[in-house]
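# Geometric and topological summary
Okay, here's what each chain looks like letter by letter:
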Amino acid sequence: SPSYFTVIMLLSRLMVFIGISKNNYVLSSNLQALDIAPKLSRDPSAIASASQDYGLIVKSVPRTVLFPSSPQDIASLIKSNYDSSAPFTIAARGNSHSIRGQAMAKNGVVVDMTWLNKNSNQTGIRVSDDEKYVDVGGEQLWIDVLNVTLRSGLSPVSWTDYLYLTVGGTLSNAGISGQTFRYGPQISNVYEMDVITGKGDFVTCSPNNYSDLFYAALGGLGQFGIITRARIPLEPAPKRVKWIRMLYSDFSAFSRDQEHLISKNERADQTALNYVEGSLLLNQGSLDNFRSTFFPAQEQPKIISLITKYGIVYSLEIVKYYDDQTTATVDKDLHQLLKGLSYLPGFLFEKDVGYVEFLNRVRSEELKLRSKGIWDVPHPWLNLFIPKSRMSDFNDGVFKGIVLQRKITTGPLLLYPMNRNKWDDRTSASIPEEEIFYTVGFLLASGFDNWQAVDDQNKSVLEYCEKAGIEVKQYLPHYTTKEDWISHFGSKWNTFQQRKQQFDPKFLLSPGQSIFNNNS
Ligand code: FAD
């Protein structure tokens, strides 16, 4: 009878409630017994910020937030948790610029890494005496790494477009930008790391020492340990950059030129480019779009009519660094590099800016968007890696099909190629098998009530790729099923799983990635 089912349902709800309460109680009493208890907070504002991220799409409420003063605090939390009979999940939260709750821990503990920076005894950012590398805390922002190393006239070589991201956060993914074709992603530019594993062990690892953990953690989506220090190679910093954008109406000419430009990619070759990216310009009546303020105001009407004519215009973006020694030769080198390219005549635009102004370019866009109140809005982003052999199909089906039809133009659409041989296959990062692959970033924003439309477009893009047999990999991946994760890692899945057993056997770290735990 219905009343019988009602009773059963109520009883089962009660049992679930008792289970959750018991778990919470155990969690609280375990935590209260720790010597780091005073650094754990249930303050509503701490809980609220740990429950959201840059994406503003998902929300997962943690039980408590750890504000560590040292890596030892983190090790102590993880160790006692690992030894407990009712362990909880733990997520490192860098600058929380993830999109889908990757740095969250529902009912668990979020470790606010930025707090480490408040203690001056910690690693911080320290350039070595021989000026060959910099030791940086996992919590440090790349902008701060840049500012400190520049004081010694030095700089890391591999970057992300945006620098207000933590070192631990980008090394857990890959860290890519226009420099990747030549220098590799950031995970190819690390000498050594301190990592606290899921068992609470504090391990200094490198290619020669505990190399399993070293490669596991690089691109490891936070699954194997918390990175508390990374040793990053340095090179002399350039002073200025020549920054050029060229426009194309034809995709095959554009991609042919991009691939040609990334073929000259020896690290030591002083005549090679330092940065190659690209983006789509879409018909939206203006160029007032995140990252498109590059073009001089007087040229914009001409560019807008080009876009109106073709629907899509492809913008190839390159940079050549220079300093006092190379000022005299940089233009000649650039001229040589641009010889034979097929951009539309009259559509080459050039800037000459300082090195920091170039690297920190997204910050000025951020400040503009903030002033208009459109920075802290939902960001249903989709980032893909696509094998070169299928880019033309992707262009036809996605850019000229889905994107043109839906007309969602609230953010940049990036696309640029990279060389696989600059990636180290021993890391956890999963990339396409082909020697050249593209990254495509749909970096679209929305209002609070219409992010679903953007997300629907993302779904259509993925469905199109699946139907067309285009083997894409997501970058900054978000999957909801185990099968999708297995397929994402492909031949790396077994190793990924074995490493998880080895370094986080109770599956406690980074639950927000939803690989081994369901965090929803
Ligand atoms: P969080 O979002 O805090 O964390 C990300 C993941 O790493 C989580 O799983 C977290 O648990 C884990 N984690 C964090 N810190 C540690 C640590 N110390 N040890 C182990 N695990 C840790 N990416 C690029 O590659 N190139 C770009 O050009 C680029 N541009 C971006 C621009 C913007 C505006 C934004 C918002 C993001 C961009 N990203 C880019 C993506 C960015 O690299 C990732 O979202 C990265 O994770 C953000 O770093 P975070 O410090 O905010 O990490």
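The rules behind each value
Residues numbered from 1 in each chain as written. Predicted model: local features only at pLDDT ≥ 70, side-chain atom pairs only at ≥ 80, totals over all residues. Helix = DSSP H or I, 4+ residues; strand = E, 2+ residues; numbered from the N terminus. Rg over C-alpha atoms; globule rule 2.2 N^0.38 Å. Buried ≥ 20, exposed ≤ 12 C-beta atoms within 10 Å, placed from the backbone. Contact = placed C-beta atoms within 7 Å. UniProt positions renumbered as here; feature names shortened; annotations may be inferred. Domains from an automatic or database assignment. Nonpolar A, V, L, I, M, F, W, Y, C, P; charged D, E, K, R; others polar. Core = buried A, V, L, I, M, F, W, Y, C linked by C-beta atoms within 7 Å. Axes fitted to C-alpha atoms, helices over the stretch in contact; angles between N-to-C directions. Parallel < 35°, antiparallel > 145°, perpendicular 65-115°, else oblique. Left-handed = near helix turned anticlockwise from the far one by under 90°. Pairing = 2+ DSSP bridges.

### Observations regarding the overall build of the protein chain
Counting secondary structure elements, the protein chain contains 16 helices and 19 strands. Relative to the globule expectation of 24 Å for 520 residues, the C-alpha radius of gyration of the protein chain, 24 Å, shows essentially globular dimensions. The 520 residues of the protein chain split such that 43% are buried. Long-range contacts, defined here as pairs at least 24 residues apart, represent 74% of the contacts in the protein chain between residues at least 6 apart.

### Some thoughts on the UniProt feature "domain: FAD-binding PCMH-type" (unreviewed entry) in the protein chain
In the numbering adopted here, UniProt assigns the feature "domain: FAD-binding PCMH-type" (unreviewed entry) to residues 58-237. Annotated as residues 58-237, this span is 21% helix and 23% strand, and its ends, taken at the C-alpha atoms, are 39 Å apart.

### Remarks on unusual backbone geometry
One non-glycine residue, Leu221, lies in the positive phi region at around 55°. If you trace the backbone, Leu221 turns up in the loop between α7 (211-217) and β10 (225-233). Residue class for Leu221 comes out buried when judged on the 21 C-beta atoms lying within 10 Å of it. A positive phi angle, close to 55°, is found at Ser514, a residue other than glycine. Its 20 C-beta neighbours within 10 Å are what place Ser514 among the buried residues.

### Thoughts on helix α13 (residues 391-406)
Residues of α13 that are buried include every one of Met391, Phe394, Asn395, Val398, Phe399 and Val403, and no others. Where α13 is buried, its residues contact α8 (251-262), β13 (275-282), β14 (312-322), β16 (382-387), β18 (436-442) and α14 (451-468). One or two positions beyond α13, positive phi appears at Lys407, with a value near 55°.

### Notes on the domain arrangement of the protein chain
Splitting the protein chain by domain gives domain 1 (1-33), domain 2 (38-237 + 483-520) and domain 3 (240-475). In this structure, domain 2 and domain 3 have C-alpha centres spaced 27 Å apart. At the junction of the two partners, domain 2 supplies 35 residues and domain 3 supplies 39 residues. Ranked by residue count, the leading element in the side of domain 2 that touches domain 3 is helix α6 (residues 180-183), at four residues. Within the side of domain 2 that touches domain 3, the residues separate by chemical class into 22 nonpolar, 10 polar and three charged.

### Concerning the nonpolar core
Of all hydrophobic cores here, the largest spans 118 residues; its most connected members are Ile90, Val111, Ala217 and Ile386. The biggest single contributor to this core is β14, with seven residues. Residue-level mapping places this core at the junction of two domains, with at least three residues from each of domain 2 (38-237 + 483-520) and domain 3 (240-475). Excluding residues that lie within four positions of it along the chain, Ile386 makes contacts with Met391, Phe394, Pro432, Phe437, Tyr438, Val440, Ile470 and Val472.

### Here's the deal with the packing of α13 against α14
At a minimum axis distance of 11 Å, the contact between α13 and α14 shows a crossing angle of 150°. The orientation of α13 with respect to α14, classified from their angle, is roughly antiparallel. When the axes of α13 and α14 are compared, the crossing they make is right-handed. Between α13 and α14, the residues in contact are Asp393, Gly397, Val398, Ile402 and Arg406 and Gln457, Ser460, Val461, Tyr464 and Ala468, respectively. Of the residues that constitute the contact of α13 with α14, the class distribution is five nonpolar, three polar and two charged.

### Quick look at the sheet that holds strand β3 (residues 90-93)
Strands pair in a sheet through their backbones, by hydrogen bonds, and they do so in one of two ways: parallel or antiparallel. With mixed pairing, the four strands of this open sheet are ordered in space as β1-β2-β4-β3. Strand pairing shows two members of the sheet lacking a second neighbour, β1 (40-41) and β3, which therefore form its edges. In this sheet, strand β2 (residues 64-66) lies alongside β1 in antiparallel orientation, the contact comprising two bridges. Counted as the bridge partner of Ser41 is Val65 from β2. Contacts between helix α3 (residues 71-83) and the sheet are confined to β2, β3 and β4 (109-112), with β3 contributing the most and set at about 165° to the helix.

### Re the environment of Pro38
Mapped onto the secondary structure, Pro38 falls in the loop between α1 (2-32) and β1. The exposed category is assigned to Pro38, around which 8 C-beta atoms lie within 10 Å. Between the C-alpha atoms of Pro38 and Ala268, which are 230 residues apart in sequence, the distance is 51 Å.

### Concerning the sheet that holds strand β9 (residues 202-205)
The sheet built from five strands is open, its strands ordered β5-β6-β10-β8-β9 with antiparallel pairing. Every other strand in the sheet has two partners, leaving β5 (125-127) and β9 as the edge strands with one partner each. Mean inter-strand twist for the sheet, computed between neighbouring axes without regard to direction, equals 15°. Sheet analysis places strand β8 (residues 192-197) next to β10, joined by six bridges and oriented antiparallel. Note on β10: the bridge partner recorded for Ile196 is Ile226. Sitting on the sheet, helix α4 (residues 142-150) is in contact with β5 and β6 (133-137), with an inclination near 30° to β5.

### Here we look at the pairing of β18
Counting buried positions over the seven residues of β18 gives seven, a clear majority of the element. Residues Ile436, Tyr438, Val440 and Phe442 of β18 are buried on one face, and the alternating residues Phe437, Thr439 and Gly441, pointing to the opposite face, are buried as well. Pairing of β16 with β18, which is carried by six bridges, proceeds in the antiparallel orientation. Bridged to Leu384 within β18 is Val440. Judged from the seven bridges that link them, strand β17 (residues 413-419) and β18 form a sheet pairing that is antiparallel. Bridging from a neighbouring strand, Pro417 pairs with Tyr438 of β18.

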